[in-house]
Amino acid sequence: MAADFEAAFGKPPELIVRAPGRVNLIGEHTDYNGGFVLPMAISQATFIAARPRLDRRLHVSAVLLQRWATVDLDRLEHNSEEPWANYLIGVARELEIAGHPLRGADMIVTSSLPLGAGLSSSASLEMAVLKLFETMGGFELDDDEAAQLGRRVENDFIGVSTGIMDQLIIRVAREGHALFLDCQDLSREHVPLSFPRTAFVIMDTGVKREVAASKYNERVAQCRQALQDMNAILGRTAQTLRAFTAKELEVCRPSMSDLIYRRARHVITENARTQTASGMMKSGDATAMGMLMNASHESLATDYEVTGPSLDAMVRIAHTLEGCFGARMTGGGFGGCVVSLVEAAKVAAFSNTLLERYASETGNIGDALISTPSAGAGVVLKGAIS
Ligand code: GLA
């Protein structure tokens, strides 16, 4: 990385930061409904090497995309020619609005995360950029504030109505742990991965999440509709779907459209599954955890309708393989990755057979990611910053 930087700018970097990707174990499409999630950070990550400049410009090379962008910190506007740069511009803009000191820099950005595969490559880039600006500017945001800043970049600058899960886990993750997070008040617990002799296997379907942004926003709107309906029917003033039980939903069912009812049913049942799963993480019951993961996928496929043929095929095949306790899509859906809980001794056979059968059934080439639960965003190298 340092050598790449030197090749691009003729001098070594003074700073390298890293921010991981994440895989969500369970609790999908619950975060923007004030619900529960259980993600962990993974070893694949975004890296930025940088050297501060004396002016207020960013000169940025995106190594994997082989693209360049120049950003003027005094004109932080949307860049439609280099859309990847908007994550940097969005973070800088939020910091500028909050009155934090920003410095120009030469930067190279690279990543070991597959892009657009549902492992939060974008939130990872946001949190890496934030760590970089914090270190160069000599200030540090509180973790909740940092995650909320990233969410505002997604919501207001990029235009996707995402929740807080990705930025928060990427900011605060601890090695060897998942995070049980209550998205209503951001209270959280780092839970050790305690299933004996097992591993979480991450498989990329190879199908990029192309329609994801518009479909995602559509789901957010449908949840808002469900909230409105349930409040009206029950005479309540709840702020999120989190406030309702499955029983209350059944009371409302006759007065709701079937589609809106099913969207709400996913959210309400997924919240319950995620709370149960956090208990399973503590008791180390892999069989029970696997069953919750399977039920989560089923609900995402039939009630929430965010899976698609490739994710469904991969999960279906995973279920038939020896040593697999459970499997489900992870992240926003419409392509991306599957996470499976697998007996450690069977991981290699499981991965190989799954990839083979998946390819012959769907014609798509998948990929297995070897990963361990990693720490959150941080500084990897810091020289004397000039
Ligand atoms: C994306 C969003 C998250 C979350 C998941 C679905 O990753 O960025 O906020 O909503 O989808 O659980």
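Before going into details, it helps to say that this report is about the structure given with it. Source: prediction; values computed, not measured. (Residues numbered from 1 in each chain as written. Predicted model: local features only at pLDDT ≥ 70, side-chain atom pairs only at ≥ 80, totals over all residues. Heavy atoms only, no water.)

## Here's the deal with the sheet that holds strand β8 (residues 188-192)
Right, so step 1: Taken together, three strands build an open sheet; the order of strands is β2-β7-β8 and the sheet is antiparallel. Since the sheet does not close on itself, it has two edges, and those belong to β2 (36-37) and β8, each with one partner.
Right, so step 2: Of the pairings in the sheet, the one linking β2 to strand β7 (residues 177-182) comprises two bridges and is antiparallel in character. In the strand pairing of β7, Val-37 is matched with Leu-181.
Right, so step 3: Its contacts with the sheet put helix α5 (residues 165-172) on β2, β7 and β8, and the angle it makes with β7 is roughly 135°. (Pairing = 2+ DSSP bridges. Helix = DSSP H or I, 4+ residues; strand = E, 2+ residues; numbered from the N terminus. Contact = heavy atoms within 4.5 Å. Axes fitted to C-alpha atoms, helices over the stretch in contact; angles between N-to-C directions.)

## Some remarks on the site of the ligand
Right, so step 1: Every residue close to the ligand is listed here: Arg-22, Glu-28, His-29, Asp-31, Tyr-32, Thr-162, Gly-163, Met-165, Asp-166, Tyr-216, Gly-331 and Gly-332.
Right, so step 2: For the ligand, an oxygen atom lies 3.0 Å from a polar atom in the backbone of Gly-163.
Right, so step 3: Contact distances for the ligand include 2.5 Å between an oxygen atom and a side-chain N or O atom of Tyr-216.
Right, so step 4: Protein coverage of the free-state accessible area of the ligand, which is 310 Å², stands at 94%.
Right, so step 5: Broken down by class, the residue content of the shell around the ligand amounts to three nonpolar, five polar and four charged. (Near = heavy atom within 4 Å. Polar contact = N/O pair within 3.5 Å; in protein donor to acceptor, adjacent residues only side chain to side chain. Areas by Shrake-Rupley, 256 points an atom, 1.4 Å probe, with all protein chains shown as cover. Nonpolar A, V, L, I, M, F, W, Y, C, P; charged D, E, K, R; others polar.)

## Overview of unusual backbone geometry
Right, so step 1: Located in the positive-phi region is Ser-120, a residue other than glycine, with phi close to 65°.
Right, so step 2: Here Ser-120 lies in the loop between β6 (105-111) and α3 (121-137).

## Here's the deal with α3
For an α-helix, the turn length of 3.6 residues means that residues three or four places apart are oriented alike.
Right, so step 1: Helix length check: α3 (17 residues) gives 24 Å between terminal C-alpha atoms against 24 Å at 1.5 Å per residue, within 8%.
Right, so step 2: Across the 17 residues of α3, 15 count as buried, placing the element largely inside the fold.
Right, so step 3: After α3 finishes, the residue Gly-138 shows a positive phi value of roughly 70°. (Expected span 1.5 Å × (residues − 1). Buried < 20%, exposed > 50% of the residue type's maximum accessible area, 1.4 Å probe, protein only.)

## Details of the packing of aromatic side chains
Right, so step 1: Per the counting criterion, the structure on display carries five aromatic pairs.
Right, so step 2: Where Phe-36 meets Phe-180, the ring centres are 5.5 Å apart and the plane angle is 10°; that geometry is what we call stacked. Of this pair, Phe-36 sits in strand β2 while Phe-180 sits in strand β7, and the two are 144 residues apart along the sequence.
Right, so step 3: Note on Phe-180: relative accessible area 13%, which makes it buried.
Right, so step 4: An angle of 75° between the planes, with centres 6.2 Å apart, marks the rings of Phe-195 and Phe-200 as edge-to-face.
Right, so step 5: Residue classification places Phe-195 among the buried positions, given a relative accessible area of 6%.
Right, so step 6: Ring pairing ties together the aromatic residues Phe-5, Phe-9 and Trp-68, which thus form one cluster. (Phe/Tyr/Trp six-rings, centres within 6.5 Å; stacked < 30°, edge-to-face > 60°.)

## Quick notes on the sheet that holds strand β5 (residues 67-72)
Each strand in a sheet pairs with its neighbour through backbone hydrogen bonds, running either in the same direction (parallel) or in the opposite one (antiparallel).
Right, so step 1: Spatially, the six strands line up as an open sheet ordered β5-β4-β6-β3-β1-β13, and their pairing is mixed. Of all the strands in the sheet, the pair left with one neighbour each is β5 and β13 (378-382). Along the sheet, successive strands turn relative to each other by an average axial angle of 25°, direction set aside.
Right, so step 2: Bridging between strand β4 (residues 57-62) and β6 involves five bridges; their strand directions are parallel. Across the sheet, residue Ala-62 finds its bridge partner in β6, namely Val-109.
Right, so step 3: Contacting β1 (15-24) and β3 (39-52), α5 crosses the sheet at an angle of about 125° to β1.

## With respect to the pattern of salt bridges
Right, so step 1: Taken as a whole and judged by the stated rule, the model has 27 salt bridges.
Right, so step 2: A salt bridge links Arg-171 to Asp-143; the shortest N-O distance between them is 3.0 Å. Residue Arg-171 is found in helix α5, and its partner Asp-143 is found in helix α4 (residues 143-158); the two are separated by 28 residues along the sequence.
Right, so step 3: We classify Asp-143 as partly exposed; its relative accessible area is 30%.
Right, so step 4: Here the salt bridges share partners, and the residues they tie into one network are Glu-28, Glu-270, Arg-273 and Arg-328. (Salt bridge = Lys/Arg side-chain N within 4 Å of Asp/Glu carboxyl O.)

## A closer look at the pairing of β3
Right, so step 1: Counting buried residues in β3 gives 12 out of 14 residues, a clear majority hidden from the surface.
Right, so step 2: Two elements, β1 and β3, share nine bridges in a ladder whose sense is antiparallel. Bridge pairing in β3 links Asn-24 to Pro-39.
Right, so step 3: Note that β3 and β6 share seven bridges and pair antiparallel. Looking across to β6, one finds that Ala-49 is bridged to Ile-108.

## Digging into the pairing of β4
Right, so step 1: Note that β4 and β5 share six bridges and pair antiparallel. Within β5, the position partnered with Val-60 by the bridge is Ala-69.
Right, so step 2: Linkage of β4 to β5, two consecutive antiparallel strands, is achieved through a turn of four residues, within which Gln-66 is found at a positive phi near 55°.

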